[in-house]
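Residue strings, one per chain:
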Amino acid sequence: GQQVEQSPASLVLQEGENAELQCTYSTTLNSMQWFYQRPGGRLVSLLYSPSWAEQRGGRLTSSAASNESRSSLHISSSQITDSGTYLCAMDLNYGGSGNKLIFGTGTLLSVKP
Amino acid sequence: DTTVKQNPRYKLARVGKPVNLICSQTMNHDTMYWYQKKPNQAPKLLLFYYDKILNREADTFEKFQSSRPNNSFCSLYIGSAGLEYSAMYLCASSNSYEQYFGPGTRLTVL
């Protein structure tokens, strides 16, 4: 079946450093989403991106290479409050009648002062 | 209000007993989803309701039931809990691509 792999599994940064999180997919990418989860918190959608588009939201940028079945999340100027788990998900859009998300296992990010 | 609520937050069940988990949203979303998340594993879609139509994943088809009595509520039902059902169960809702997640129900089967 379809699979999503994320790397790295965990990452430690000094505050102010940049990060790049990667996802690879086992099939051709249609569109994808990035989620964030604070420890003990709920999953929150960060960015949604069709396979050909780069999406930006503040210090976050999502880019995808559909021909390589790969996408990246760039976090610039990391802050302590960025700490948490980042999950990517391949979006199998059912054309308006529901979206099936295939999740990766996540990257645990820890930003130190 | 963009909150998805789940009850209970923690559930303890005995092997062989039924389990019913509840999810609610007041955003008038047409689609509601249930995911299962185990430690160190990715969240896995179990089923979803698009309006009144239930879609269940093939590999969990017989293990989980669901009902959606109205637009706001959706339940996840396990007829006979086994140890392998211990997990976090996440509910989400959406009207488009963006899914809003609840805090989850942690189910422990003993």
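The following paragraphs examine the structure supplied in this document. Since the model is a prediction, treat every value here as computed from it, not as a measurement.

As for the sheet that holds strand S7 (residues 65–70) of chain B
Across a sheet, paired strands are connected by hydrogen bonds in the backbone, their directions being either parallel or antiparallel.
All names here are of chain B.
Here's step 1: Reading across the sheet, the four strands line up as S1-S3-S8-S7 and stay open at both edges, with antiparallel pairing between neighbours. The open sheet has two edge strands with one neighbour each: strand S1 (4–7) and S7. Ignoring which end each strand starts from, the neighbouring axes of this sheet average 20° apart.
Here's step 2: The pairing of strand S3 (residues 19–25) with strand S8 (residues 73–78) spans six bridges and is antiparallel. Bridge pairing in S8 links Asn-20 to Tyr-77.

Comments concerning the side chain of Ser75(B)
All names here are of chain B.
Here's step 1: If you trace the backbone, Ser-75 turns up in strand S8.
Here's step 2: The class of Ser-75 is buried, set by a relative accessible area of 8%.
Here's step 3: Within the local environment of Ser-75, its side chain forms a polar contact with the side chain of Ser-67, the two groups lying 2.8 Å apart.

Things to note about the layout of surface pockets
The gaps left among the atoms become clear once a water-sized probe is rolled over them.
Here's step 1: The calculated volume of the largest pocket comes to roughly 620 Å³.
Here's step 2: Along the walls of the largest pocket sit 25 residues, with Gln37(A), Gly40(A), Thr85(A), Lys37(B) and Arg106(B) positioned nearest its centre.
Here's step 3: Those elements giving two or more residues to the lining of the largest pocket turn out to be strand S9 (84–93) and strand S11 (107–112) of chain A together with strand S9 (87–94) of chain B.
Here's step 4: Looking at the lining of the largest pocket residue by residue, the classes come out as 11 nonpolar, nine polar and five charged.
Here's step 5: Put simply, the second largest pocket is a space of about 270 Å³.
Here's step 6: Lining the second largest pocket are 14 residues; nearest its centre among them are Ala42(B), Pro43(B), Lys44(B), Leu45(B) and Asp59(B).
Here's step 7: Those elements that provide at least two residues to the lining of the second largest pocket are strand S10 (99–103) of chain A together with strand S5 (44–50) of chain B.
Here's step 8: Ranked by residue count, the leading element in the lining of the second largest pocket is S10(A), at four residues.
Here's step 9: Tallied by class, the residues present in the lining of the second largest pocket amount to seven nonpolar, two polar and five charged.

Details of the interface of chain A and chain B
Here's step 1: Counting from both sides, the interface comprises 18 residues of chain A and, opposite them, 21 residues of chain B.
Here's step 2: Between the two partners, chain A and chain B, sit one salt bridge.
Here's step 3: Across the salt bridge formed by Glu57(B) and Lys100(A), the nearest N and O atoms sit 2.4 Å from each other.
Here's step 4: At the level of elements, strand S4 (31–37), strand S5 (43–50), S9 and S10 of chain A are the ones that each hand at least two residues to the side of chain A that touches chain B.
Here's step 5: Per element, the largest residue contribution to the side of chain A that touches chain B is four residues, and it comes from S10(A).

Parameters at a glance
- Residues numbered from 1 in each chain as written.
- Chains lettered and ligands numbered in written order.
- Predicted model: local features only at pLDDT ≥ 70, side-chain atom pairs only at ≥ 80, totals over all residues.
- Heavy atoms only, no water.
- Pairing = 2+ DSSP bridges.
- Helix = DSSP H or I, 4+ residues; strand = E, 2+ residues; numbered from the N terminus.
- Axes fitted to C-alpha atoms, helices over the stretch in contact; angles between N-to-C directions.
- Buried < 20%, exposed > 50% of the residue type's maximum accessible area, 1.4 Å probe, protein only.
- Polar contact = N/O pair within 3.5 Å; in protein donor to acceptor, adjacent residues only side chain to side chain.
- 1 Å grid on protein atoms, 1.4 Å probe; cavity = no way out; pocket = protein on both sides within 12 Å on 5 of 7 lines; lining within 4 Å.
- Points joined across faces, edges and corners; volume = space filled by probe spheres on them.
- Nonpolar A, V, L, I, M, F, W, Y, C, P; charged D, E, K, R; others polar.
- Contact = heavy atoms within 4.5 Å.
- Salt bridge = Lys/Arg side-chain N within 4 Å of Asp/Glu carboxyl O.

That's the geometry; what it means functionally is another story.
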